[in-house]
Amino acid sequence: MVDEVPRISGMAACCALGGDVRSVWRNLLEGASGLAPDRTGTVVGAMPHDPWDADGDPWAACIAGVARRAIEDSGADPARALADPTTGLVVATTKGDIEGLRLPGRPVSLGPFLRRVRTAMDHRGPAELVSAACASGAAAIVRADRLIRGGVCRRVLVVGADRLDPFLVEGFRCLGAMAAGPCRPYDDEREGLSLGEAVAALWIEGGPGPGVRLAGAGQAQDAVGMVRPDPSGGGLARAIRQARTEARGGPVGAICGHGTATEANDAMEAEAFRSAFGDSPPPVFGIKGATGHTLGACGTLEALVSAMALEAGLVPPTAGHRAGSLGLDICRFPRPLSEGRILSVNSGFGGLNVALILEASR
Amino acid sequence: MRDVRLAATVLVDHRDRIGPEGASCWNPDGSRAAPDPREFFPDLDRPGRLDLPSRFVLAAGGLLPPLPESLRETTGVFLGSTTGCLSVDRDFAATLALRPQPSLYARTLPTTAGAEISRVLGLRGPGLAVVQEASPGWQALVAGWQEVAFGTCDAALCGEYHVPPPEDSPPWVVLALLVAVSLAAPGRLLQCRFLGTGDPDPGTDLRELVAATRRSGAWQREVRLEGGRWTFSLAALSA
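Definitions and limits used
Residues numbered from 1 in each chain as written. Chains lettered and ligands numbered in written order. Predicted model: local features only at pLDDT ≥ 70, side-chain atom pairs only at ≥ 80, totals over all residues. Heavy atoms only, no water. Axes fitted to C-alpha atoms, helices over the stretch in contact; angles between N-to-C directions. Helix = DSSP H or I, 4+ residues; strand = E, 2+ residues; numbered from the N terminus. Parallel < 35°, antiparallel > 145°, perpendicular 65-115°, else oblique. Contact = heavy atoms within 4.5 Å. Nonpolar A, V, L, I, M, F, W, Y, C, P; charged D, E, K, R; others polar. Phe/Tyr/Trp six-rings, centres within 6.5 Å; stacked < 30°, edge-to-face > 60°. Buried < 20%, exposed > 50% of the residue type's maximum accessible area, 1.4 Å probe, protein only. Lys NZ or Arg CZ within 6 Å of the ring centre and 35° of its normal. Buried area = accessible area lost by both parts, 1.4 Å probe. Salt bridge = Lys/Arg side-chain N within 4 Å of Asp/Glu carboxyl O. Polar contact = N/O pair within 3.5 Å; in protein donor to acceptor, adjacent residues only side chain to side chain. Pairing = 2+ DSSP bridges. Domains from an automatic or database assignment.

**Student:** Help me out: how do you make sense of the packing of helix H5 (residues 136-149) of chain A against helix H10 (residues 298-312) of chain A in this one?
**Tutor:** Packed helix pairs are characterised by how far apart their axes lie and by the angle those axes make with each other. Residue and element names in this part refer to chain A. Close contact between H5 and H10 brings their axes to 5 Å; oriented N to C, the two are set at 70°. It follows that H5 is roughly perpendicular to H10 by the angle criterion. Side by side, H5 and H10 meet where Gly-137, Ala-138 and Ile-141 of the first sit next to Gly-299, Thr-300 and Ala-303 of the second. The class makeup of the residues in the contact of H5 with H10 is three nonpolar, three polar and no charged.

**Student:** Quick question: what am I supposed to make of the packing of aromatic side chains here?
**Tutor:** The geometry of two aromatic rings is summed up by the distance between their centres and the angle between their planes. Within this structure, the stated rule accounts for five aromatic pairs over all chains. Here the aromatic rings of Phe172(A) and Tyr105(B) are separated by 5.4 Å at their centres, their planes lie at 70°, and the arrangement is edge-to-face. Here Phe172(A), found in helix H6 (residues 166-174), pairs with Tyr105(B), found in helix H4 (residues 102-105), and the two come from separate chains. Tyr105(B) matches Phe172(A) in its accessibility class, with the two residues each being buried. The lysine or arginine in question, Arg146(A), covers the ring of Phe150(B), its NZ or CZ lying 5.5 Å from the ring centre. Positioned above the aromatic ring of Trp59(A), the side-chain terminus of Arg163(A) is 5.6 Å from the ring centre.

**Student:** Teacher, can you tell me more about the interface of chain B and chain A here?
**Tutor:** Often the size quoted for an interface is simply the accessible area lost on bringing the parts together. Contacts between the two partners involve 53 residues from chain B, matched on the other side by 52 residues from chain A. Carbon and sulfur atoms supply 61% of the area that chain B and chain A bury against each other, a total of about 4,300 Å² over both sides. For Arg146(A), the salt bridge identified is with Glu147(B), shortest N-O distance 3.1 Å. Where chain B packs against chain A, one counts 19 residue pairs in polar contact (both at pLDDT 80 or more). Elements with a contribution of two residues or more to the side of chain B that touches chain A: helix H3 (86-95), H4, helix H5 (112-121), strand E3 (127-131) and helix H6 (136-150) of chain B. Broken down by element, the residue count for the side of chain B that touches chain A peaks at six residues, all from H5(B). Classifying every residue of the side of chain B that touches chain A gives 24 nonpolar, 18 polar and 11 charged.

**Student:** Looking at this structure, I do not really get the pairing of strand E9 (residues 212-221) of chain A. What am I missing?
**Tutor:** The side chains of a regular strand alternate between both faces of the sheet. Residue and element names in this part refer to chain A. Of all 10 residues in E9, 10 are buried; the element is thus mostly enclosed. When strand E1 (residues 7-14) meets E9, the two strands line up antiparallel, connected through two bridges. Counted as the bridge partner of Arg-7 is Arg-213 from E9. Two elements, E9 and strand E15 (residues 352-359), share eight bridges in a ladder whose sense is antiparallel. Bridge pairing links Ala-217 to Leu-356 in E15.

**Student:** Hey, could you run me through the side chain of Thr291(A) in this one?
**Tutor:** Residues and elements named next belong to chain A. You can see Thr-291 is positioned in helix H9 (residues 288-291). We classify Thr-291 as buried; its relative accessible area is 2%. Non-local contacts of Thr-291, meaning those with residues more than four positions away in its chain, are made with Cys-15, Ala-16, Leu-17, Leu-35, Gly-45, Gly-196 and Leu-301.

**Student:** I tried to follow the environment of Asn353(A) on my own but got confused; where do I start?
**Tutor:** Residue and element names in this part refer to chain A. If you trace the backbone, Asn-353 turns up in strand E15. The exposure class of Asn-353 is buried, given its relative accessible area of 2%. On a C-alpha basis, the gap between Asn-353 and Gly-234 in space is 9.8 Å, while along the polypeptide they are 119 residues apart. For Asn-353, the contacting residues outside a window of four places in its chain are Gly-218, Gln-219, Ala-220, Gln-221, Asp-222, Gly-235, Leu-236, Ala-239, Met-268, Asn-346 and Ser-347. Within the structure, the side chain of Asn-353 is placed 3.0 Å from the side chain of Asp-222, a separation counted as a polar contact.

**Student:** Before we go on, may I ask you to explain the pattern of salt bridges in this structure?
**Tutor:** Side-chain pairing between opposite charges can occur once the charged atoms of the two side chains come close. Applying the stated rule across the entire model yields 34 salt bridges over all chains. Two residues, Arg184(A) and Asp187(A), come together in a salt bridge whose shortest N-O distance is 3.4 Å. Residues Arg238(A) and Glu73(B) are paired through a salt bridge, measuring 3.3 Å at the closest nitrogen-oxygen approach. In this pair, Arg238(A) sits in helix H7 (residues 234-246) while Glu73(B) sits in the loop between helix H2 (69-72) and strand E2 (75-81), so the two residues belong to two different chains. Under the relative-accessibility criterion, Glu73(B) is labelled partly exposed at 33%.

**Student:** Sorry if this is basic, but what is going on with the domain arrangement of chain A here?
**Tutor:** All names here are of chain A. Splitting chain A by domain gives domain 1 (7-205) and domain 2 (211-361). With centres defined by C-alpha atoms, the gap from domain 1 to domain 2 works out at 19 Å. Residue-level contacts link 61 residues of domain 1 with 64 residues of domain 2. Counting the surface lost from both domain 1 and domain 2, the interface buries some 5,000 Å², and carbon and sulfur atoms represent 69% of this. Three residues stand out in domain 1 for area buried against domain 2, namely Trp-25, Tyr-186 and Arg-190, and they jointly supply 19% of the buried area on that side. Linking domain 1 with domain 2 are four salt bridges. Note that Asp-266 and Arg-190 form a salt bridge whose closest N and O atoms lie 3.8 Å from each other. Applying the counting rule to domain 1 against domain 2 returns 21 residue pairs in polar contact (both at pLDDT 80 or more). Only E1, helix H1 (21-29), H5, strand E6 (155-162), H6, strand E7 (195-196) and strand E8 (198-205) provide two or more residues apiece to the side of domain 1 that touches domain 2.

**Student:** Can you walk me through unusual backbone geometry in this structure?
**Tutor:** Keep in mind that most residues, glycine aside, have a negative phi and that most peptide bonds are trans. Residue and element names in this part refer to chain A. With a phi angle near 60°, Arg-248 is a residue other than glycine that sits in the positive phi range. Mapped onto the fold, Arg-248 is located in the loop between H7 and strand E10 (254-256). Positive phi, close to 55°, is recorded for Leu-295, a residue that is not glycine. Among the secondary structure elements, Leu-295 is positioned in the loop between H9 and H10. Given a relative accessible area of 3%, Leu-295 falls into the buried group.

Have a look at this one:
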């Protein structure tokens, strides 16, 4: 077992706020939103990308491109790093390539998706594709931690990826979970989520060195229902407590909330934060009012944003939020980060909850 | 790191009853009826809403030895699959042009079957689905073993469900219950180091875990159920 806490030494992203992490961070700090109506009038967070109907496997190529940039960000050579048998790959997604259901000749199952991604990036080491609904991206980071600390891999590339598709848009619409306009996380007038798409990649290494560290992680299920979360926030609160225990306590400077802007989720989170921290939880921010809900990618993307916030010492604002009475201190404008730790949480269908505590380099 | 025991395994596999692998019918009478989970959980609410993978996983879960209430709070669920919820995806996609069905959409995630068994058994530890072509069940077993070994949870219900569309191949489910040795649970010590590559490798599915034990003649308790139109054989193995 490896004692060192794994650290994020490289990151890259493509989402509605931009095609690189600097753009994403700058736009987030400025309170910009990438949400806009698509050609059907549905407000979504679309990412800048090449046409999906290009020759080859453009979706896998897009994911591989972002992944290589994360490795480059650490100073390593992507080709050499991906060919190293001690480099693991954990892919997080909810639907992979659901468009394949409609297109003849395309793989229709999530099963082959991992092989397609590995082929596109020429990865040779251990690999797995995990799904924990909308907590998938965070669960993949926990898997990376276990693979490194368990001595299976020396470094792990975590990639969260989900893209917009009519299957998802109509699915959330028929559930009554979509907002008519841009979503408004933790706001009293929130009416549902806005869907988005993203690829986010983290290059996570064991051993000493620079980078934001994964100080603790917690995972818990509600065991209550399939769609609606436990209104008491019990599952998420247990995940948070577990993460804080693993991180050996200590203050948290801010919470990167799941903040889907659905009535049930945001209220559940408020209960969970109070249960875990008492009546005055740390300040909360959320990014889905800027990026949309990127499903299997959001946990990775939000950990990435949290890492950037730790490096900058700033808490970003919550796009779309105006006023709320959930009893939370929601950041509407950038503010200094008071402590060197951020808690990032995600919850998904089926009552799956994951909490991560990220810590600035000392 | 803690030591981990393999406390019990359950196999739901009816291929023996229907002839050669690849047969297009799941039942001897040619029907494709799925197991009725009320055979195992009589109080289950609204069983009609359940998707096929959930029905199989619940059927297997019903054969597990009872878990103490104190353990349920810290038991995780880690399930692998090669196809995830493909059949539900197809059913929901077919409704898109007419009237999309919210009850179907809510089940179009590969985590659905694991969430159902968690809800029914009250398991509140971590939950994770592994979906890939090769060895998803082994990978899920390794993930569960690691979480117990690291102390995230005290027990892990791990396994794999193989529930492809009817024309492809017959279904089966394997569940394995792993428990931290510190809890003095019965069972064999289990060491996990396997980590697949995600490439096709059909020789390593989790059924071998149970099949090998069946061949050895140890720990074997075979149950055969014939309820309604659904027939399949079950083997539950425990110390």
